[in-house]
Amino acid sequence: MAKTKLLIVTHEMSPFLELTKISEITRQLPQAMQEKGFEIRILMPRFGNINERRNRLHEVIRLSGMNIMIDDNDNPLIIKVASIPAARMQVYFLDNEDYFQRKYVFRDKENKFYADNDERTIFFCKGALETVKKLGWAPDIVHCHGWMTSLVPAYIKTSYKNDPTFKNSKVVYSVYENCFTETLHADLHKKAVMNNMTADDTKVFENADSNTLHMGAIAYSDAVVLADEKIDANVLKFVKDSNKPTLAFNLTENFENFYSLYEEISNDELVSIA
């Protein structure tokens, strides 16, 4: 029997970048699934404060060289890779000089939210899917962690829905506590439209605040993980109303509950898990 292919998309992961609890879960979850026989790929941005030398990142020439279009501008995508020897896992890093070569992650040294966080999000989400296509690796499950991955479910279910790489992929979105109170650029939903999409496909992202990003991702996902105890009440209601398989906040030993969720949605047994 073929191994289940699990793609983890995240903006942070220990030991490379540790901002919130997301970094711990995205480090532990893929290893736990690998030990259960899953085939794993992990993608994240190469933010400027990730030390390339210490983490032994190196460019993957065969994957680099693509351009990601945003608002009629071509943006070069560079792919780097690093290994976690203890886990025998590789992590692919998406890099771009304009979007990621900064000393800080989402805010400048004055703690001001970057004005182009919308384009950085679009670039990462588009770039992640194009990288997986270039890998020639079709994931059975795509698990997105945190708001910066929120466009991935929408893209998979619209622009990429007939693409051989993703047409059979099930999408899981993990909702975490809101970590910003600002809004992204008002044109996020317009800039996010890509091939084989219409403005209606991204209308759900129109308000461009943290809740909206979560709800947009949930709308296009096959299952939801409530990965935090402090999730906004409006988001929780949206999850409940969606009637999608939902994994409640609870980190069981060896991530057994995640394994069960993956198995159920892979088999189209869409039963809510409490």
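Procedures and definitions
- Residues numbered from 1 in each chain as written.
- Predicted model: local features only at pLDDT ≥ 70, side-chain atom pairs only at ≥ 80, totals over all residues.
- Heavy atoms only, no water.
- UniProt positions renumbered as here; feature names shortened; annotations may be inferred.
- Helix = DSSP H or I, 4+ residues; strand = E, 2+ residues; numbered from the N terminus.
- Rg over C-alpha atoms; globule rule 2.2 N^0.38 Å.
- Buried < 20%, exposed > 50% of the residue type's maximum accessible area, 1.4 Å probe, protein only.
- Contact = heavy atoms within 4.5 Å.
- Phe/Tyr/Trp six-rings, centres within 6.5 Å; stacked < 30°, edge-to-face > 60°.
- Salt bridge = Lys/Arg side-chain N within 4 Å of Asp/Glu carboxyl O.
- Core = buried A, V, L, I, M, F, W, Y, C linked by side-chain atoms within 4.5 Å.

- Per an unreviewed UniProt entry, the recorded name for the protein is starch synthase, and the organism is Pedobacter lusitanus.
- Checking UniProt for the protein, the heading Catalytic activity (unreviewed entry) contains the comment "[(1->4)-alpha-D-glucosyl](n) + ADP-alpha-D-glucose = [(1->4)-alpha-D-glucosyl](n+1) + ADP + H(+)".

## Here we look at the overall build of the protein
- Per the secondary structure count, the protein includes 10 helices and 10 strands.
- Taken over C-alpha atoms, the radius of gyration comes to 17 Å for the protein, in line with the 19 Å a tight globule of 274 residues would show.
- The principal-axis extent of the C-alpha atoms belonging to the protein is close to 45 × 40 × 40 Å.
- Across the 274 residues in the protein, those meeting the buried criterion constitute 57%.
- Contacts spanning at least 24 positions in sequence make up 69% of the contacts within the protein whose residues lie at least 6 apart.

## Things to note about the packing of aromatic side chains
- Within the structure shown, the criterion is met by 13 aromatic pairs.
- The interplanar angle of 55 degrees and the centroid separation of 5.7 Å between the aromatic rings of F38 and Y259 together place this pair among those described as tilted. Here F38, found in the loop between α1 (22–35) and β2 (39–45), pairs with Y259, found in helix α10 (residues 256–266); they are 221 residues apart in sequence, far enough to count as distant.
- According to the relative accessible area criterion, Y259 is partly exposed, its value standing at 25%.
- Geometrically, the ring pair formed by F113 and W147 is tilted, given 6.4 Å between the ring centres and 45 degrees between the ring planes.

## A short note on the environment of C125
- Mapped onto the secondary structure, C125 falls in helix α4 (residues 117–135).
- Accessibility expressed as a relative area gives 0% for C125, which makes it buried.
- Excluding its chain neighbours within four sequence positions, the residues that come into contact with C125 are M148, T149, S150, L151, V152 and Y155.

## Observations regarding the pattern of salt bridges
- Taken as a whole and judged by the stated rule, the model has 15 salt bridges.
- Note that D118 is salt-bridged to K191, the shortest N-O span being 2.9 Å. Separated by 73 residues along the polypeptide, D118 in helix α4 and K191 in helix α6 (residues 188–191) bring together distant segments of the chain. A single burial state applies to D118 and to K191, both of which are buried.
- Residue D241 is joined to K237 by a salt bridge in which the shortest nitrogen-to-oxygen separation is 2.7 Å. In this pair, D241 and K237 are both assigned in helix α9 (residues 233–242), four residues apart and thus about one turn of the helix distant.

## Brief notes about the nonpolar core
- With 94 residues, the main nonpolar core has M33, W147, Y155 and Y262 as its most contacted residues.
- Residue contributions to this core peak at eight residues, all from α4.

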